[in-house]
Amino acid sequence: QVQLVESGGGLVQPGGSLRLSCAASGNIFSIDLMAWYRQAPGKRRDLVATVTQGGSTNYANSVKGRFTISRDNAKNTVYLQMNNLQPEDTAVYYCNALIRIGLSSPFYNYWGQGTQVTVSS
């Protein structure tokens, strides 16, 4: 059984910062791509950022220059540092990971339960 548990969400004023964490636990052999998505009320879930096992990153245009994704492979954890937050960043943020549970198993796609980020004055 594999679990992704997010933490770090909350209420912040415009221009503020938050750091999200997501720890993977359970029967993990290896983790490939890790990512953060977000979903605002009434909207689809959108990709925010990705990071490979080697540390290569990609970002949605809307967060470039403000958000930084990183990971600690030893801790099976991915982070999202969010700076200069704006009201349009308000959403539930989900972490996502491609995880292999054994040497010969395929990669499976896992999701966290989501953490609410609200940007408001």
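Everything numeric in this text was worked out from a predicted model, so none of it was measured. (Residues numbered from 1 in each chain as written. Predicted model: local features only at pLDDT ≥ 70, side-chain atom pairs only at ≥ 80, totals over all residues. Heavy atoms only, no water.)

### Quick word on the overall build of the protein
Phase 1: When helices and strands are counted, the protein shows 0 helices and 11 strands.
Phase 2: Listed by position from the N terminus, the elements making up the protein come as β-β-β-β-β-β-β-β-β-β-β.
Phase 3: Expressed as lengths along the three principal axes of its C-alpha atoms, the size of the protein is roughly 50 × 25 × 25 Å.
Phase 4: In the protein, which comprises 121 residues, the proportion classed as buried is 39%.
Phase 5: Summarising the internal contacts of the protein: among those between residues at least 6 apart in sequence, 56% fall at separations of at least 24.
Phase 6: Separation of charge centres in the protein, based on 10 positive and 6 negative side chains, amounts to 2 Å. (Helix = DSSP H or I, 4+ residues; strand = E, 2+ residues; numbered from the N terminus. Buried < 20%, exposed > 50% of the residue type's maximum accessible area, 1.4 Å probe, protein only. Contact = heavy atoms within 4.5 Å. Lys, Arg positive; Asp, Glu negative; His and termini not counted. Charge placed at Lys NZ, Arg CZ, Asp CG, Glu CD.)

### Some thoughts on unusual backbone geometry
Phase 1: Unusually for a residue other than glycine, Asn76 sits at a positive phi of about 50 degrees.
Phase 2: With respect to the helices, strands and loops of the structure, Asn76 is situated in the loop between strand E7 (67-72) and strand E8 (77-82).
Phase 3: Positive phi is not limited to glycine here, since Asn84 has a value of about 50 degrees.
Phase 4: Relative to the assigned elements, Asn84 resides in the loop between E8 and strand E9 (91-100).

### Some points on the packing of aromatic side chains
Phase 1: Under the counting rule described, the total for this entry stands at 1 aromatic pair.
Phase 2: The lysine or arginine in question, Arg45, covers the ring of Tyr94, its NZ or CZ lying 3.6 Å from the ring centre.
Phase 3: Against the face of Trp111 rests Arg45, its NZ or CZ located 4.7 Å from the ring centre. (Phe/Tyr/Trp six-rings, centres within 6.5 Å; stacked < 30°, edge-to-face > 60°. Lys NZ or Arg CZ within 6 Å of the ring centre and 35° of its normal.)

### With respect to the nonpolar core
Phase 1: The biggest cluster of nonpolar side chains holds 28 residues, and the ones touching the most others in it are Trp36, Leu80, Met82 and Tyr93.
Phase 2: Looking at this core, the elements that each hand over two or more residues are strand E1 (2-7), strand E3 (18-26), strand E4 (30-39), strand E5 (45-51), E7, E8, E9 and strand E11 (115-119).
Phase 3: Considering each element in turn, this core owes the most residues, 5 residues, to E9. (Core = buried A, V, L, I, M, F, W, Y, C linked by side-chain atoms within 4.5 Å.)

### Remarks on the pairing of E4
Phase 1: For E4 and E9, the ladder comprises 8 bridges, and the chain directions are antiparallel. The residue bridging Arg38 from the neighbouring strand is Tyr93, located in E9.
Phase 2: In sequence, E4 turns back onto E5 through a hairpin of 5 residues, with Gly42 there showing a positive phi of about 75 degrees. (Pairing = 2+ DSSP bridges.)

### Quick word on the pattern of salt bridges
Phase 1: Overall, the coordinates contain 3 salt bridges when judged by the stated rule.
Phase 2: Across the pair Asp46 and Arg44 runs a salt bridge, and its minimum N-O distance is 2.7 Å.
Phase 3: A residue is classified by how much of its surface remains accessible, and Arg44, at 65% relative accessible area, is exposed.
Phase 4: A single network of salt bridges, built from pairs that share partners, joins Arg38, Arg66 and Asp89. (Salt bridge = Lys/Arg side-chain N within 4 Å of Asp/Glu carboxyl O.)

### Re the state of the cysteines
Phase 1: Going through the model one piece at a time under the given rule, you end up with 1 disulfide.
Phase 2: Note on cysteine connectivity: Cys22 is disulfide-linked to Cys95, with sulfurs 1.9 Å apart. Here Cys22 is found in strand E3, whereas its partner Cys95 is found in strand E9, with 73 residues between them in sequence. Neither Cys22 nor Cys95 differs from the other in exposure class; each is buried. (Disulfide = S-S within 2.5 Å.)

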